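Understanding the architecture of this molecule
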Amino acid sequence: MLDKKMVYQLTTEQRAALLNSHPILEKNYRLPTPMLERTYAIIRERVWMKRTGVYLYASPRMGKTTCAETVQALLLLEFPKLHIVRINARRNLRPSDAHMFRLLLEGVNHALSKRTHADLLFYNIKADIMVKLAALGGNHLVLIIDEMHRLNDVDLEQLLAVHNALHMQKISMTTISFAQPEIMDRVTGLMTRRQHQLLARFLAEPIQFEGCSSVDDLRDILNSYDYDSEYPEGSGWSYTRFFLPEGYDAGFRLINYSEKIWSALFNALGSYTEAGVPMEHVCLTVEYLLLALRTEDCCNVAISDGDINESPLKYQ
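Model, not experiment: these values are computed from the prediction.

Criteria and thresholds
- Residues numbered from 1 in each chain as written.
- Predicted model: local features only at pLDDT ≥ 70, side-chain atom pairs only at ≥ 80, totals over all residues.
- Heavy atoms only, no water.
- 1 Å grid on protein atoms, 1.4 Å probe; cavity = no way out; pocket = protein on both sides within 12 Å on 5 of 7 lines; lining within 4 Å.
- Points joined across faces, edges and corners; volume = space filled by probe spheres on them.
- Helix = DSSP H or I, 4+ residues; strand = E, 2+ residues; numbered from the N terminus.
- Nonpolar A, V, L, I, M, F, W, Y, C, P; charged D, E, K, R; others polar.
- Buried < 20%, exposed > 50% of the residue type's maximum accessible area, 1.4 Å probe, protein only.
- Lys, Arg positive; Asp, Glu negative; His and termini not counted.
- Salt bridge = Lys/Arg side-chain N within 4 Å of Asp/Glu carboxyl O.
- Contact = heavy atoms within 4.5 Å.
- Pairing = 2+ DSSP bridges.
- Expected span 1.5 Å × (residues − 1).
- Axes fitted to C-alpha atoms, helices over the stretch in contact; angles between N-to-C directions.
- Phe/Tyr/Trp six-rings, centres within 6.5 Å; stacked < 30°, edge-to-face > 60°.
- Lys NZ or Arg CZ within 6 Å of the ring centre and 35° of its normal.

Before going further, it helps to spend a moment on the layout of surface pockets. Looking at the largest pocket, its volume works out to about 460 Å³. Residue lining of the largest pocket: 18 residues in total, with Arg-30, Thr-66, Met-279, Glu-280 and Cys-283 positioned closest to the centre. The set of elements that each furnish at least two residues to the lining of the largest pocket consists of helix H3 (34-48) and helix H14 (279-293). With five residues, H14 is the largest single contributor of residues to the lining of the largest pocket. Grouping the amino acids of the lining of the largest pocket by side-chain chemistry returns nine nonpolar, four polar and five charged.

If you want it as structure tokens, here you go:
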């Protein structure tokens with residue numbers, strides 16, 4: 001948590017000049033959330049144990065892509081000898097003996113990723129991974145796949161070939177995948193076709209990726225806006241204080257509206273919240289409130305029931 005003693009004051013003019021570059025308007029900020037912390041705890045354990053694969057599934061807008069990006073950054077900090085490759089899977093309308101190899105090379109911005117010869121692509125993948133790990137002094141590759149449900153059987157067989165080739169070189173490979181719920185149908189199909197090796201390597205451990213699942217989760221998230229965020233860097237100004245400085249100095253905090261915001265989100269989204277409120281809806285709601293209230297900032301600024309009820313309904 002940031003020190004509540006502010007480093008310096010921002011004038012109205014300074015805030016106005018910085019406004020358009022604020023992370024909330026740029027949509028490029030990341031906040032620590034309970035969901036990310038729980039997910040990372042699971043993933044880092046699997047990586048530490050060098051398990052072959054785990055996949056997380058959830059409906060759209062739950063924050064899977066953001067989680068994949070954050071997991072990559074956290075793993076690099078905690079395990080500096082890892083070589084991590086993150087790819088965004090895409091569908092291939094016709095089975096190809098090179099599609100997966102090409103995705104892997106694109107994931108490391110390899111100059112030969114546009115080649116079409118499968119054997120050449122496979123050789124370059126293996127060589128690139130071995131060189132990167134030798135430079136790191138490590139022997140463990142972590143592959144993060146976003147949109148795993150888009151891969152077909154042929155793609156997974158190519159991935160298995162990479163896994164086996166690295167194993168021959170005494171290199172471990174852990175695959176962490178994020179997918180939509182239709183991945184469960186893919187798993188059933190692989191079982192029906194007796195593709196047990198593919199299941200064992202990449203789809204053996206399903207984990208449901210949760211959204212914001214309780215008012216306690218929401219409270220932690222709002223606390224990050226109130227205290228754990230900062231803009232501009234080094235200022236000590238949280239996001240809440242940047243948009244509502246007078247109100248903030250007088251005690252305004254988003255966290256004080258946790259129950260009301262949670263109730264509005266849950267009621268607005270209905271049955272869609274079975275696995276929690278999607279993180280996208282939470283962020284859009286908070287962003288809306290901060291931006292809408294900034295022109296009304298004063299020592300007694302407050303969020304009305306109308307403000308709260310209006311904001312999530314805009315983004316169903």
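What follows covers the side chain of Arg-15. Looking at the element boundaries, Arg-15 is found in helix H1 (residues 12-19). There is no salt bridge for the buried Arg-15, and the closest opposite charge comes from Asp-297, which lies 5.2 Å off by N-O distance. Residues within four places of Arg-15 in sequence aside, it is in contact with Leu-10, Trp-237, Phe-242, Phe-243 and Pro-245.

Once that is clear, we can look at the pattern of salt bridges. As enumerated under the stated definition, the model contains 17 salt bridges in all. The salt bridge involving Lys-132 is made with Asp-128; its shortest N-O contact spans 3.3 Å. With a gap of four residues between them, Lys-132 and Asp-128 both fall in helix H6 (residues 118-136), about one helical turn apart. Among the charged side chains, a salt-bridge network with shared partners connects Arg-38, Glu-210 and Asp-217.

Here the focus is the environment of Ile-308. By the element assignment, Ile-308 lies in helix H15 (residues 305-313). Note on Ile-308: relative accessible area 2%, which makes it buried. In this structure, the C-alpha to C-alpha distance between Ile-308 and Ile-261, residues 47 residues apart in sequence, is 6.0 Å.

Right, let's get into the pairing of strand E1 (residues 53-57). Side chains on a regular strand alternate between the two faces of the sheet. Burial runs high along E1: five of the five residues are buried. Of the two faces of E1, both are covered, the one formed by Gly-53, Tyr-55 and Tyr-57 as well as the one formed by Val-54 and Leu-56. Pairing geometry for E1 and strand E5 (residues 206-208), over three bridges, is parallel. Directly across from Tyr-57, in E5, lies its bridge partner Gln-208.

Take H14 next. Compared with the 21 Å implied by 1.5 Å per residue over 15 residues, the 21 Å span of H14 between its first and last C-alpha is a close match. Summarising burial for H14: 12 of the 15 residues are buried, a large majority.

Another point: the sheet that holds E5. Spatial ordering of the open sheet is given by E2-E3-E4-E1-E5, a layout of five strands whose pairing is parallel. One side of each edge strand has no neighbouring strand; the edge strands of this open sheet are strand E2 (83-88) and E5. Each adjacent strand pair in this sheet contributes to an overall mean axis angle of 20 degrees, direction not counted. The pairing of E1 with strand E4 (residues 172-179) spans five bridges and is parallel. Across the sheet, the residue bridging to Tyr-55 is Ser-177, located in E4. Running at roughly 155 degrees to E4, H3 makes contact with E1, strand E3 (140-146), E4 and E5 of the sheet.

Applying the stated criterion across every chain yields a total of eight aromatic pairs. Summarising the aromatic geometry, the rings of Tyr-29 and Tyr-239 are spaced 5.5 Å apart at their centres and angled 90 degrees between planes, so their arrangement reads as edge-to-face. In this pair, Tyr-29 sits in the loop between helix H2 (23-26) and H3 while Tyr-239 sits in helix H11 (residues 239-243), placing the two residues 210 residues apart along the sequence. With a relative accessible area of 6%, Tyr-239 lands in the buried category. The positively charged end of Arg-15 is found above the aromatic ring belonging to Phe-242, 5.7 Å away from the centroid. The ring of Tyr-248 is capped by Arg-253, whose NZ or CZ atom sits 3.5 Å from the centre of that ring.

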